[in-house]
Amino acid sequence: MENTQNEEKQIVITDEVKGYLLVAAKCCKFIAIVGFVGLGILALFGFFAMLGVPLMQRNNVYAASVLFGLVYIIFAIVYIFPLLYLYRFSVEMKLGVLNNDEGEMTSGFLNLKKLAKFTGILTIVVLGLYALMFIIAVPLMWFKAVPM
């Protein structure tokens, strides 16, 4: 009787669940590929913003364009990681489901976990930056609005 209580429950993946995982893997692969194309466009736009505006021969425009170009390139670099995790999840999950390979499925779920963790950390960082901008902007707006 004690042995049955100590046994771990095994999760059985039914054919219905496998179908859901295959559809999710296909959709995630499409999203990742479209995201990679978008990243390429974003990086190109950043490079053109940094290199194209110097032809205009305006110093103040040049500084702003370099800054915006760098920001776009930084966004592209940061966004590579979640897209890689999403793509790896889709490929490994599809292989795992089609070949009934538990190791591939586990690796796919590991990449899904990494995607969720990265997205959570990025969300915290962005919310922190928003809070910092709010803390800086409100006093600046207050001092400009109050006549001296």
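Residues numbered from 1 in each chain as written. Predicted model: local features only at pLDDT ≥ 70, side-chain atom pairs only at ≥ 80, totals over all residues. Heavy atoms only, no water.

**Some remarks on the confidence of the model for the protein chain**
Within the protein chain, residue pLDDT values average 88, and 86% of them lie at 70 or more. Of all the helices and strands in the protein chain, helix α1 (residues 2-6) carries the lowest mean pLDDT, 56, while helix α2 (residues 15-52) carries the highest, 94. (pLDDT = per-residue confidence, 0-100. Helix = DSSP H or I, 4+ residues; strand = E, 2+ residues; numbered from the N terminus.)

**Some details on the nonpolar core**
Formed by Leu 21, Leu 22, Ala 25, Cys 28, Ala 32, Tyr 85, Leu 86, Phe 89, Met 93, Val 97, Met 105 and Leu 115, the largest nonpolar core amounts to twelve residues. With residues near it in sequence (within four places) discarded, Ala 25 still touches Ser 90, Met 93 and Lys 94. (Core = buried A, V, L, I, M, F, W, Y, C linked by side-chain atoms within 4.5 Å. Buried < 20%, exposed > 50% of the residue type's maximum accessible area, 1.4 Å probe, protein only. Contact = heavy atoms within 4.5 Å.)

**Things to note about a nonpolar patch on the surface**
A contiguous nonpolar surface patch, about 560 Å² in accessible area, is contributed by Ile 121, Val 125, Leu 129, Leu 132, Ile 136 and Leu 140. Its location among the elements puts Leu 132 in helix α4 (residues 102-145). (Patch = residues over 30% accessible without salt bridge, like charges linked within 9 Å, V, L, I, M, F, W, Y side chains within 5 Å. Areas by Shrake-Rupley, 256 points an atom, 1.4 Å probe, with all protein chains shown as cover. Salt bridge = Lys/Arg side-chain N within 4 Å of Asp/Glu carboxyl O.)

**Looking at the packing of aromatic side chains**
Both the distance between ring centres and the angle between the ring planes are used here to describe each pair of aromatic rings. This structure, assessed with the given rule, holds four aromatic pairs. With centroids separated by 6.3 Å and ring planes inclined at 70°, the aromatic side chains of Phe 36 and Tyr 87 adopt a geometry described as edge-to-face. With Phe 36 in helix α2 and Tyr 87 in helix α3 (residues 59-99), this pair connects stretches of sequence that are 51 residues apart. Among the residues examined, Tyr 87 registers a relative accessible area of 30% and is labelled partly exposed. Ring geometry for Phe 81 and Phe 118: centres 6.1 Å apart, planes at 40°, overall tilted. (Phe/Tyr/Trp six-rings, centres within 6.5 Å; stacked < 30°, edge-to-face > 60°.)

**Some details on the side chain of Glu 92**
Mapped onto the elements, Glu 92 comes out in helix α3. Here Glu 92 occupies a buried position and makes no salt bridge, while the nearest side chain of opposite charge, Arg 88, is found at 6.1 Å. Ignoring any residue separated from it by four or fewer positions in sequence, one finds Glu 92 in contact with Glu 104, Met 105, Ser 107, Gly 108 and Asn 111. (Lys, Arg positive; Asp, Glu negative; His and termini not counted.)

**Here we look at a positive patch on the surface**
A contiguous patch of positive charge on the surface is contributed by Arg 88, Lys 113, Lys 114 and Lys 117. Sorting elements by how many residues they give to the positive patch places α4 first, with three residues. Within the secondary structure, Lys 113 is located in helix α4. Looking at Lys 113, the relative accessible area reads 48%, which means it is partly exposed. (Charge placed at Lys NZ, Arg CZ, Asp CG, Glu CD.)

**What to know about the layout of surface pockets**
As a volume, the largest pocket reaches approximately 260 Å³. Examining the composition of the lining of the largest pocket, we find that four residues originate from one element, α4, more than from any other. Here the residues of the lining of the largest pocket are counted per class, giving four nonpolar, three polar and three charged. Within this model, the second largest pocket holds a volume of roughly 180 Å³. At the level of secondary structure, the elements contributing two or more residues to the lining of the second largest pocket comprise α3 and α4. (1 Å grid on protein atoms, 1.4 Å probe; cavity = no way out; pocket = protein on both sides within 12 Å on 5 of 7 lines; lining within 4 Å. Points joined across faces, edges and corners; volume = space filled by probe spheres on them. Nonpolar A, V, L, I, M, F, W, Y, C, P; charged D, E, K, R; others polar.)

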